[in-house]
Amino acid sequence: MAGPSIVEYFTGSEGHRCGYCGSSDTNRSNGMWAHKLTCKDYQDLIDRGWRRSGKYCYKPLMNQTCCPAYTIRCKALEFKATKSQKKVLKHMTKYLTSDIKMKEMHGNDDENQSGKDKDVKRKDSPLNPDETVQTDHHKEKPEPRPGLGPDANKPPCRKAKLIRKERKRQKLAASGVECDSAYTQAGHQNTAKSLEDLLFEYSKHSNILHKLEIKLVHADMESEEFKSTFKQSYNVYKNYQVSIHKDPPDKCTERQSLTPSFFQFQRFLCDSPLMHDKRSGAPHMGYGSFHQQYYLDGVLIAVAVLDILPRCVSSVYLYYEPSYGFLSLGTYSTLREIYFTQQLYRQVPSIESYYMGFYIHSCPKMRYKGNYYPSFLVCPETYNWVPIEKCRPKLDSSKYSRLDDVSPGGFLSSEGRLPVLCE
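Residues numbered from 1 in each chain as written. Predicted model: local features only at pLDDT ≥ 70, side-chain atom pairs only at ≥ 80, totals over all residues. Heavy atoms only, no water.

1. So, helix 1 (residues 39-46)
- Of the residues making up helix 1, those classed as buried are Cys-39, Tyr-42, Gln-43, Leu-45 and Ile-46. In an axial view of helix 1, the angular spread of the buried residues amounts to 160°, which keeps them on one side of the axis. (Buried < 20%, exposed > 50% of the residue type's maximum accessible area, 1.4 Å probe, protein only. Helix = DSSP H or I, 4+ residues; strand = E, 2+ residues; numbered from the N terminus. Arc of directions from axis to C-beta.)

2. So, the sheet that holds strand 4 (residues 56-60)
- Ordered in space as 1-2-4-3, the four strands form an open sheet in which the pairing is antiparallel. The open sheet has two edge strands with one neighbour each: strand 1 (6-10) and strand 3 (51-53). Across this sheet, the average inter-strand angle for adjacent strands is 30°, counted without regard to direction.
- Pairing between strand 2 (residues 29-36) and strand 4: five bridges, direction antiparallel. Bridged to Asn-30 within strand 4 is Lys-59. (Pairing = 2+ DSSP bridges. Axes fitted to C-alpha atoms, helices over the stretch in contact; angles between N-to-C directions.)

3. Focus: the confidence of the model for the chain
- In this model, the chain carries an average pLDDT of 84, and 79% of its residues clear a pLDDT of 70 or more.
- Here residues 104-112 is a poorly scored stretch, pLDDT under 50, and it has 36 contacts once near neighbours within four places are set aside; other chains count.
- Low pLDDT, under 50, characterises residues 413-417; the predicted model gives this stretch two contacts beyond four residues in sequence or across chains. (pLDDT = per-residue confidence, 0-100. Contact = heavy atoms within 4.5 Å.)

4. Examining the nonpolar core
- If you look at the biggest cluster of nonpolar residues, it comprises 86 residues, and the most contacted ones within it are Tyr-319 and Leu-377.
- Element by element, the count of residues in this core is highest for strand 8 (residues 299-309), at nine residues.
- When neighbours within four sequence positions are excluded, Tyr-319 is seen to be in contact with Ser-233, Val-236, Tyr-237, Tyr-240, Phe-265, Leu-269, His-291, Ala-302, Val-303 and Val-305. (Core = buried A, V, L, I, M, F, W, Y, C linked by side-chain atoms within 4.5 Å.)

5. Observations regarding the sheet that holds strand 10 (residues 353-359)
- Strand order in the open sheet formed by eight strands is 6-7-8-9-10-5-11-12, with mixed pairing between adjacent strands. Since the sheet does not close on itself, it has two edges, and those belong to strand 6 (212-218) and strand 12 (385-387), each with one partner. In this sheet, neighbouring strand axes are inclined to one another by 35° on average, regardless of whether the strands run parallel or antiparallel.
- With eight bridges joining them, strand 8 and strand 9 (residues 312-320) adopt antiparallel strand pairing. Its bridge partner lying in strand 9, Val-303 is registered against Tyr-319.
- Helix 7 (residues 230-244) contacts strand 7 (288-296), strand 8 and strand 9 of the sheet and is inclined by roughly 70° relative to strand 9.
- With respect to the sheet, helix 10 (residues 388-397) is in contact with strand 5 (70-75), strand 10, strand 11 (375-378) and strand 12, its orientation differing from that of strand 12 by roughly 85°.

This is the structure in structure tokens:
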């Protein structure tokens, strides 16, 4: 049985520098140091707007802080990929099967995310560091000469897809086959592919040039398996921080030093207060903190830090080798984590959501998290989940807003009590 959670709560809410708007003292939050946390307790905390960074847990004071941060989750079982997300998966398939490298990635803001769910950011680090570099396609082009418009004597243009379908129907009709039944039998119905189908499209190819493997390792410095990959993982992290976030190399220390840094590898991404729980009813790897490692041809190229909790998979951070940025690993890993949540649901039906950390509407470059459909934000007053489509109009008019219009009353009162050990 897991023991009780033990935390040190810090009173007061002094202002700190904000990594989103750059203000020096308007970022306000409550905080506590978690010596030990049961996964159930942490699940309850993040459903109330808390978030961990290493062993430090914090909750923004939503009606006081400069950039209110709303907890966001995606319903993994109902997930539907957007066109740009499908494009990222197609690019990965092309690379694995034909070794085509994309020198540039065209698309919108959710296509090139990285360092996802690093909810405390610095002024000197880009909020979306994997942002597309300007190419000739983005340069100013000469103004086109005015045309004469469509020719009224010619039929309107038709899409190539419709023309192909019409030709197919004509061939079937000429051979005496009923078109509708032929399309049904041949599987030509307009059915959307599942996320699993999109992710593993490459496996249908006979010529696979690169081998992609994903391994899940429990984040525990006492684990021999975790320690065996520690050095590799740290090197990827250091390259990522120096290249993407422009950290000085001496700041990315491997272990704790006399001058603690938020970005120190072990303290930030390896140490966790969550107690590993493999009791009956848990998934086979148990609840707790894990590193999901991405290997390409046997070489570690990316690591996603995840918390597996009783009702969700919670994303903590992603870092990768900068030379593989052309694969849009931010978006790709998010899609893999949503699929991972779907897999866990088959073992534990209560795990049905994927948490993406904080959604900050006042920071445009942090809005990409809302592009994973369907997404929900937790109301800061009732703690009920509200579809993000209903939240956006309110957040457009005010940084802080009560999102839930259904539940009556004001702030939600706690049901039951939490035992607290005091000195």
